[in-house]
Amino acid sequence: MEIPAINLKAIVLAHWLLTVWGSMVWLPPSYSWGNFSVLAVGVWAIAQRDSVDAVLMFLMGMAVTILTDVIHFGIFYPLMEFAGEKRFTAGMAILNLLLKPISCFFVYQMYRERGGDYNVNFGFPSVSRNRDAYQSIDQQDESSSPTNPFNQAQDSKPGVRTY
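This text gives an overview of the structure that appears in the document. (Residues numbered from 1 in each chain as written. Predicted model: local features only at pLDDT ≥ 70, side-chain atom pairs only at ≥ 80, totals over all residues. Heavy atoms only, no water.)

Looking at the nonpolar core
In terms of nonpolar packing, the biggest core is built from 16 residues, with Leu-8, Ile-11, Val-55, Phe-58 and Val-107 touching the most fellow members. Within the residue set of this core, elements represented by two or more residues are helix H1 (8-22), helix H2 (29-47), helix H3 (52-76) and helix H4 (85-113). Every residue in contact with Val-107, bar those within four places of it in the chain, is listed here: Leu-8, Ile-11, Val-55, Phe-58 and Leu-59. (Core = buried A, V, L, I, M, F, W, Y, C linked by side-chain atoms within 4.5 Å. Buried < 20%, exposed > 50% of the residue type's maximum accessible area, 1.4 Å probe, protein only. Helix = DSSP H or I, 4+ residues; strand = E, 2+ residues; numbered from the N terminus. Contact = heavy atoms within 4.5 Å.)

Written out as structure tokens, the structure is:
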């Protein structure tokens, strides 16, 4: 089954609109700062079409804001009934949260299209037993000889250095 191509601009625009509507009344400023910061990284990913890092940062930011949105809703969602603009704002913020995993899936597809690996490397060192790439210090390289240790040209003048 072919996965439909969703434009990154559409994803950023939809989440921007839902974040604006979701942060109008009852959510704290940390909700707006977190989501708009991630959307700014999304604009960076749009501007640099070949950057794998921009898309990866946007993907990781979206994943983190899923968790922070759940925490915001758990803390700040009122237990009493609210009407009017509070109901609209809560609905848009919850819709934004529900669309984020789908958006993450499409952004991950864009990450792979731009040349990202299937596995994500966070820079932690890994242990491997493959030592084929190492050169033994017991063997000398054939290009240098003991009489010419610095690989200087033999026919050059003594006062002129060749680099």
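Quick word on the pattern of salt bridges
If you walk through the whole model with that rule in mind, you get one salt bridge. Lys-100 serves as the salt-bridge partner of Asp-69, at 2.7 Å between the closest nitrogen and oxygen. One end of the pair, Asp-69, is in helix H3; the other, Lys-100, is in helix H4, and 31 residues separate them in sequence. A single burial state applies to Asp-69 and to Lys-100, both of which are buried. (Salt bridge = Lys/Arg side-chain N within 4 Å of Asp/Glu carboxyl O.)

Side note on H2
Across its 19 residues, H2 extends 27 Å between first and last C-alpha, which sits within 8% of the 27 Å expected from 1.5 Å per residue. Taken together, the buried residues of H2 touch H1, H3 and H4. (Expected span 1.5 Å × (residues − 1).)

Some thoughts on empty space enclosed by the protein
Tallied over the full model, the rule gives one cavity of 30 Å³ or more. Considering only enclosed or pocket space, the largest cavity measures out at about 30 Å³ in volume. Around the largest cavity, the lining residues are His-15, Thr-19, Asn-35, Val-38, Leu-39, Met-62, Thr-65, Asn-96 and Lys-100. Taken together, the elements giving at least two residues each to the lining of the largest cavity come down to H1, H2, H3 and H4. Of all the elements, H2 adds the most residues to the lining of the largest cavity, at three residues. (1 Å grid on protein atoms, 1.4 Å probe; cavity = no way out; pocket = protein on both sides within 12 Å on 5 of 7 lines; lining within 4 Å. Points joined across faces, edges and corners; volume = space filled by probe spheres on them.)

Comments concerning the environment of Asn-7
Looking at the element boundaries, Asn-7 is found in the segment before H1. Given a relative accessible area of 46%, Asn-7 falls into the partly exposed group. Measuring from C-alpha to C-alpha, the distance between Asn-7 and Val-107 comes to 9.2 Å, with 100 residues separating the pair along the chain.

Concerning the side chain of Ser-51
You can see Ser-51 is positioned in the loop between H2 and H3. Among residues more than four places away in sequence, those in contact with Ser-51 are Trp-44 and Arg-114.

A word on a nonpolar patch on the surface
On the surface, Leu-13, Trp-16, Leu-17, Trp-21, Met-24, Val-25 and Phe-88 cluster together to form a nonpolar patch covering roughly 640 Å² of accessible area. Take the nonpolar patch: its biggest share by element is four residues, from H1. If you trace the backbone, Trp-21 turns up in helix H1. Since its relative accessible area comes to 32%, Trp-21 is described here as partly exposed. (Patch = residues over 30% accessible without salt bridge, like charges linked within 9 Å, V, L, I, M, F, W, Y side chains within 5 Å. Areas by Shrake-Rupley, 256 points an atom, 1.4 Å probe, with all protein chains shown as cover.)

Here's the deal with the side chain of His-72
Topologically, His-72 is positioned in helix H3. At a separation of 2.8 Å, a polar atom in the side chain of His-72 contacts the main-chain carbonyl oxygen of Thr-68. Setting aside residues no more than four positions away along its own chain, His-72 makes contact with Leu-27, Pro-28, Ser-30, Tyr-31 and Tyr-77. (Polar contact = N/O pair within 3.5 Å; in protein donor to acceptor, adjacent residues only side chain to side chain.)

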